[in-house]
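# A closer look at the structure
Listed below are the residues making up each chain.
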Amino acid sequence: MSLALDPAAQDLLFREARTANTFTDEPVTDEQVQAIYDLVKFGPTAFNQSPLRITLVRSPEARERLVRHMAEGNQAKTQAAPLVAILSADNEFHEELPALLPHFPQAKDMFFAERPVREQSALLNAALQAAYFIVGVRAAGLAAGPMTGLDFAGVQKEFLDDDHTPLMVVNIGKPGEDAWFPRSPRLGFDDVITTV
């Protein structure tokens with residue numbers, strides 16, 4: 001094998017990991033979420049901008065408010081998941097850059113003074129961090145059910161503000177019975193890789 005990561009970890013994070021559609025009722029603790037974040041925060045982003053923001057939906061009232069904005073096929077599983085996270089991009093991430101990029105604090109104004117530039121960069125880099133987050137959930141021995149079938153404007157209005165763009169909702173927990181759909185095919189190496 002050419003990979004440094006042992007095969008069991010490769011299976012846990014990728015080969016055997018699946019998008020879960022059902023979950024047990026075992027809770028996901030704040031300590032687990034802290035451990036996930038403390039791992040995935042080291043994933044790279046441009047200028048170390050780290051624009052991902054995570055809103056944990058724990059209370060029954062907040063869950064009901066969220067479920068109303070989910071597509072019909074995602075409502076029941078969002079209602080039943082032990083924990084639900086709304087992942088969003090902070091379009092004002094540049095305010096943190098002097099602390100996050102101390103060797104180049106002028107990047108805040110030099111590159112990110114204009115809102116459209118920030119929005120584009122935040123979207124790309126928060127999406128990278130969302131992928132890291134999903135892998136981190138798997139590293140914690142949990143399953144993730146990321147979903148984009150939702151009313152984005154409704155979720156933004158209900159839970160966020162104009163400075164945060166929702167990316168996805170992720171159900172989190174231990175997989176329940178019949179949690180997996182059959183695995184869909186993946187493209188092969190020769191379909192994806194080009195050498196020039």
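In this report, the structure presented in the accompanying data block is examined. Note that the coordinates shown come from a computational prediction; the quantities given were computed from them, not determined experimentally.

## Side note on the overall build of the protein
A count of helical and extended segments in the protein gives 9 helices and 4 strands. Taken along the three principal axes of its C-alpha coordinates, the protein extends 50 × 50 × 35 Å. Within the protein, buried positions represent 40% of all 196 residues. The long-range fraction of contacts in the protein, counting pairs at least 24 apart against all pairs at least 6 apart in sequence, stands at 79%. By element, 57% of the accessible surface of the protein is carried by carbon and sulfur atoms, the whole surface being about 11,300 Å².

## Some points on the pairing of strand β4 (residues 164–173)
For β4, a buried count of 9 out of 10 residues is recorded, marking the element as mostly surrounded by other parts of the structure. As paired elements, strand β2 (residues 83–90) and β4 share 8 bridges and run antiparallel to each other. Bridge pairing in β4 links Ala85 to Val170. Sheet topology note: the strand β3 (residues 143–147)/β4 ladder contains 5 bridges and is antiparallel. Its bridge partner being in β4, Gly145 is matched across the sheet by Asn171.

## Considering a nonpolar patch on the surface
The grouping of Leu187, Phe189, Val192 and Ile193 at the surface amounts to a nonpolar patch, some 440 Å² of accessible area in total. Tracing the backbone shows Ile193 in the segment after α9 (189–192). What makes Ile193 partly exposed here is its relative accessible area of 41%.

## Section: the pattern of salt bridges
Under the defined criterion, the tally for this structure stands at 10 salt bridges. The shortest N-O distance in the salt bridge between Arg15 and Asp11 comes to 2.8 Å. Remark: Asp11 and Arg15 occur in helix α1 (residues 7–15); sequence separation between them is 4 residues, near one turn of the helix. Of the residues examined, Arg15 reaches a relative accessible area of 40% and is grouped as partly exposed. You can call Asp11 partly exposed: its relative accessible area is 25%.

## Re the packing of helix α3 (residues 60–67) against helix α4 (residues 72–80)
The geometry of α3 relative to α4 is characterised by a closest axis approach of 9 Å and an angle of 170° between their N-to-C directions. Taken together, the axis directions place α3 and α4 in an arrangement best described as roughly antiparallel. Contact residues: α3 offers Arg63, Glu64, Leu66 and Val67, while α4 offers Gln75, Thr78, Gln79 and Ala80.

## Some details on the environment of Pro175
Within the secondary structure layout, Pro175 lies in the loop between β4 and α9. The exposure class assigned to Pro175 is partly exposed, which follows from its relative accessible area of 30%. Sequence separation between Pro175 and Lys108 is 67 residues, and the spatial gap between their C-alpha atoms is 42 Å. Not counting chain neighbours up to four residues away, the residues in contact with Pro175 comprise Thr22, Phe23, Thr24, Ala143 and Trp180.

The rules behind the values
Residues numbered from 1 in each chain as written. Predicted model: local features only at pLDDT ≥ 70, side-chain atom pairs only at ≥ 80, totals over all residues. Heavy atoms only, no water. Helix = DSSP H or I, 4+ residues; strand = E, 2+ residues; numbered from the N terminus. Buried < 20%, exposed > 50% of the residue type's maximum accessible area, 1.4 Å probe, protein only. Contact = heavy atoms within 4.5 Å. Areas by Shrake-Rupley, 256 points an atom, 1.4 Å probe, with all protein chains shown as cover. Pairing = 2+ DSSP bridges. Patch = residues over 30% accessible without salt bridge, like charges linked within 9 Å, V, L, I, M, F, W, Y side chains within 5 Å. Salt bridge = Lys/Arg side-chain N within 4 Å of Asp/Glu carboxyl O. Axes fitted to C-alpha atoms, helices over the stretch in contact; angles between N-to-C directions. Parallel < 35°, antiparallel > 145°, perpendicular 65-115°, else oblique.

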